[in-house]
Amino acid sequence: MRRAIKILSGSSHNEFALEVCQIMGLELCKSRTIKFSNDNMMPRIEENVRETDVFVIQTSTPPVSDNIIELLLMLDALKYASAGRITAVLPYFPYVRSDKKDQPRISIAARLMGHLIETAGASRLLTMNLHASQIQGFFDIPSDQLFATNIICQYFSQRDLSNYVIVAADVGESKHIGHYANILNLPIAIIDKRRQGNSDSIIPTTLIGDVVKKDCLIVDDEVSSGGTLTGATKFLMKNGAKSVSAAIVHGVLSGQAMAKIEASPLKELVITNSVPLPKQGYISPKIKVLSIAPLFAQAISHIHSGMSVSLLFAKDYVHQE
Ligand code: R5P
């Protein structure tokens, strides 16, 4: 007999969890997180989950540390409530950029996050566009990494792309832009950028490829402080580009990112709803948000019914609105 399925949401992105539930025709499983005056949290699952196939949705967004602790406590609560299988669903994985020991005496925090999630009770992970694919090797439990590539390409394929070139804003991203370039059948260009220490200050140095009088589409895994994106935009314009747009999976948009984007010559920024837009403050009209909830809903139902998840990566997989 197949286990019943339940979807739970932490506090980070309730709207996304509700959208996933609506697509799947499910009610969100009732839970509540109490925060005590000493800052301790107590999430409580308010439905029976014994032997159930449970999916807990929590993304990495401020308050990042609180959201991590809430997730760990929810996983632990589910484990002790005898859930049958627990999948941690992390549209944007916490500390994903801390994936290597590239300075002395630092933590490989993304690896630690994986271990904490597993220790707390997760039997598997579902996430999207990790900063580097080999991060999957940090986990000792099964993990599925989804990609927003097809959703983004479908959005851009609805316009005339004859003058477009796909641009990697740094050499790290140059490995990934090939997927976009293949699907959209476009040429590529690569910017060599240098970051000053651990600061948000970015210096684009060299450009490989032809961007003169071209409509450039920068593709990246995340926009955080906006330094890479706005630096690359100005650099491309200085090098003769006609226009610059961007398609970036995780719209983290921290600090002054929104103001930087607004003030830059960037024409359009397409992101996904893997993290919520800031609840307060100005949202630039240049930003367009594509929903990845249908992709996650499909992946969750494939995992639940034991179907292949890689089917969703097939080149001809088309996201239906
Ligand atoms: C870097 O390797 C990533 O691909 C992004 O370019 C980077 O994380 C963006 O960060 P920020 O917006 O702070 O420059």
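Note that the structure is a prediction, hence the values are computed from the model and not measured.

Colleague: So what exactly am I meant to see when it comes to the sheet that holds strand 6 (residues 124–128) here?
Modeller: What holds strands together in a sheet is hydrogen bonding between their backbones, with the strands either parallel or antiparallel. Strand order in the open sheet formed by 5 strands is 1-4-5-6-7, and the pairing between neighbours is parallel. Looking along the sheet, the strands with just one partner apiece sit at the ends: strand 1 (5–9) and strand 7 (143–146). Taken pair by pair, the neighbouring strands of this sheet meet at an average axis angle of 20 degrees, ignoring direction. Pairing of strand 1 with strand 4 (residues 53–57), which is carried by 5 bridges, proceeds in the parallel orientation. Paired with Ser9 across the strands is Ile57, a residue of strand 4. In the packing of helix 1 (residues 14–24) onto the sheet, the strands contacted are strand 1 and strand 4, and the crossing angle to strand 1 comes to about 160 degrees.

Colleague: Could you clarify how one ought to interpret the layout of surface pockets in this entry?
Modeller: Regions of empty space are outlined by a rolling probe, equal in size to a water molecule, passed over the atoms. Estimates place the volume of the second largest pocket at around 350 Å³. Along the walls of the second largest pocket sit 21 residues, with Phe147, Thr149, His176, His179 and Tyr180 positioned nearest its centre. Listed by contribution, the elements that provide at least two residues to the lining of the second largest pocket are helix 4 (149–156), helix 5 (177–184) and strand 11 (215–223). The leading source of residues in the lining of the second largest pocket is helix 5, at 4 residues. Looking at side-chain class alone, the lining of the second largest pocket contains 8 nonpolar, 9 polar and 4 charged residues.

Colleague: Quick question: what am I supposed to make of the pairing of strand 3 (residues 41–45) here?
Modeller: Regular strands place side chains that alternate from one sheet face to the opposite one. Residues of strand 3 alternate between two faces, with Met41, Pro43 and Ile45 buried on one and Met42 and Arg44 left unburied on the opposite face. Bridge count between strand 2 (residues 31–35) and strand 3: 5 bridges; the pairing is antiparallel. Counterpart to Arg32 in the pairing with strand 3 is Arg44. The loop that links strand 2 with its antiparallel partner strand 3 comprises 5 residues; one of these, Asp39, has a positive phi angle of about 80 degrees.

Colleague: Can you walk me through the site of the ligand in this structure?
Modeller: Taken together, 14 residues sit near the ligand, with Asp220, Asp221, Ser224, Ser225 and Thr228 positioned nearest. Asp221 places a polar side-chain atom, nitrogen or oxygen, 2.6 Å from an oxygen atom of the ligand. Contacts to the ligand include Ser225, whose side-chain N or O atom sits 2.6 Å from an oxygen atom. Contact with the protein chains hides 92% of the accessible area of the ligand, taken as 380 Å² for the molecule alone. For the shell around the ligand, the secondary structure elements donating two or more residues are strand 9 (188–195), strand 11 and helix 6 (227–238). When residues in the shell around the ligand are grouped by element, the largest group, 4 residues, is from strand 11.

Colleague: What is the right way to read the pattern of salt bridges from this model?
Modeller: Side chains that carry opposite charge are capable of pairing whenever their charged atoms lie near each other. Per the counting criterion, the structure on display carries 14 salt bridges. Note that Glu46 and Arg44 form a salt bridge whose closest N and O atoms lie 3.3 Å from each other. Classification of Glu46 as partly exposed rests on a relative accessible area of 35%. Judged by its relative accessible area of 40%, Arg44 falls in the partly exposed class. Where Arg85 meets Asp53, a salt bridge forms, and the shortest distance between an N and an O atom there is 2.9 Å. Taken as a pair, Arg85 in strand 5 (residues 85–90) and Asp53 in strand 4 lie far apart in primary sequence, 32 residues in all. Shared partners join several salt bridges into a network, and the residues in it are Arg32, Arg44 and Glu46.

Quick notes on the rules
Residues numbered from 1 in each chain as written. Predicted model: local features only at pLDDT ≥ 70, side-chain atom pairs only at ≥ 80, totals over all residues. Heavy atoms only, no water. Pairing = 2+ DSSP bridges. Helix = DSSP H or I, 4+ residues; strand = E, 2+ residues; numbered from the N terminus. Axes fitted to C-alpha atoms, helices over the stretch in contact; angles between N-to-C directions. Contact = heavy atoms within 4.5 Å. 1 Å grid on protein atoms, 1.4 Å probe; cavity = no way out; pocket = protein on both sides within 12 Å on 5 of 7 lines; lining within 4 Å. Points joined across faces, edges and corners; volume = space filled by probe spheres on them. Nonpolar A, V, L, I, M, F, W, Y, C, P; charged D, E, K, R; others polar. Buried < 20%, exposed > 50% of the residue type's maximum accessible area, 1.4 Å probe, protein only. Near = heavy atom within 4 Å. Polar contact = N/O pair within 3.5 Å; in protein donor to acceptor, adjacent residues only side chain to side chain. Areas by Shrake-Rupley, 256 points an atom, 1.4 Å probe, with all protein chains shown as cover. Salt bridge = Lys/Arg side-chain N within 4 Å of Asp/Glu carboxyl O.

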